[in-house]
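Structural features, examined
The residues making up each chain are set out below.
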Amino acid sequence: MDLRDATHSNTALVVVTVIAVLLHVGIGPQISIFGGRINFMLVLAIVYAFSGNTRSAVIAGFACGLFYDLTASVPVGLMSLLLTIGGFVLSNTPSARVGSSLADASRLSFVYAFVICIVYSLLLLIMGVRSDVMATVFGHGLTSAIITGLVTIPALMFSGVLDGQHHSFSSRGKGSRFKGIK
């Protein structure tokens, strides 16, 4: 039985999607910290993975990866593959399926961003796109994972996909959730 408010969640997901696409195209390439950049498409794929629907997480992962590949000077299809597989794996974790708190989702998002960014950096090394191992893994991969993980937290909070943000048994209006307090 799904207790989520579908209309609130879908509207918030659309807003987060539009904002992530605009930020990815507008300021994503302009911000670089120690060689790492914020991957707004990875943030969006994480948000869709926590939406509770594996099919939409996989489709969103593929679309986000393809959009990333087409807007950056990297091999087309690499990020699509990683975000598609990663979206499937992340959406099938117990925390994403049942719903989790912000703290649990943040920890899982950091791990997911770390794995995706490091694997992506290593694959760029193997394919010959990058040549310096230290700058690619630590400069690009690790830094991108950290700043992408930090940006994921407000995206998860705003999107409304976390369990703690949309219980159906809430106190709206008068009173509170506690007995005896009015």
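As a reminder, the structure under discussion sits directly above these lines.
So, here is what we can say about the structure in this document. (Residues numbered from 1 in each chain as written. Predicted model: local features only at pLDDT ≥ 70, side-chain atom pairs only at ≥ 80, totals over all residues. Heavy atoms only, no water.)

1. Considerations on the packing of aromatic side chains
The final tally for this structure, using the stated rule, is one aromatic pair. Look at Tyr 68 and Tyr 120: their rings are 6.0 Å apart centre to centre, the planes differ by 80°, and that puts the pair in the edge-to-face class. Taken together, the residues span a long stretch of sequence, with Tyr 68 in helix H3 (residues 54–71) and Tyr 120 in helix H6 (residues 102–127) at a distance of 52 residues. For Tyr 68, a relative accessible area of 13% gives the class buried. (Phe/Tyr/Trp six-rings, centres within 6.5 Å; stacked < 30°, edge-to-face > 60°. Helix = DSSP H or I, 4+ residues; strand = E, 2+ residues; numbered from the N terminus. Buried < 20%, exposed > 50% of the residue type's maximum accessible area, 1.4 Å probe, protein only.)

2. Examining the environment of Ile 118
By the element assignment, Ile 118 lies in helix H6. Overall, the relative accessible area of 15% leaves Ile 118 in the buried class. Between the C-alpha atoms of Ile 118 and Ala 145, which are 27 residues apart in sequence, the distance is 7.8 Å. In this structure Ile 118 touches Val 137, Gly 141 and Leu 142, once residues within four positions along its chain are discounted. (Contact = heavy atoms within 4.5 Å.)

3. Examining the nonpolar core
One finds Leu 42, Phe 50, Leu 83 and Tyr 120 to be the most contacted residues of the largest nonpolar core, which totals 36 residues. Mapped by element, the contributors of at least two residues to this core are helix H1 (6–26), helix H2 (40–49), H3, helix H4 (78–91), H6 and helix H7 (133–159). Residues within four places of Leu 83 in sequence aside, it is in contact with Met 41, Leu 42, Ala 45, Gly 61, Cys 64, Gly 65, Tyr 112 and Ile 116. (Core = buried A, V, L, I, M, F, W, Y, C linked by side-chain atoms within 4.5 Å.)

4. Section: H2
Here H2 lies mainly inside the structure; 10 of its 10 residues are buried. Those residues of H2 lying buried are Phe 40, Met 41, Leu 42, Val 43, Leu 44, Ala 45, Ile 46, Val 47, Tyr 48 and Ala 49. Of the residues flanking the start of H2, the one acting as N-cap is Asn 39, its side-chain oxygen 3.2 Å from the backbone nitrogen of Met 41. (Polar contact = N/O pair within 3.5 Å; in protein donor to acceptor, adjacent residues only side chain to side chain.)

5. So, the pattern of salt bridges
According to the stated counting rule, one finds one salt bridge in the structure shown. For the salt bridge of Arg 107 with Asp 104, the shortest nitrogen-to-oxygen distance reads 2.4 Å. Pair noted here: Arg 107 and Asp 104 are both in helix H6, with a separation of three residues, about one helical turn. Exposure remark for Arg 107: the relative accessible area of 53% places this residue in the exposed category. (Salt bridge = Lys/Arg side-chain N within 4 Å of Asp/Glu carboxyl O.)

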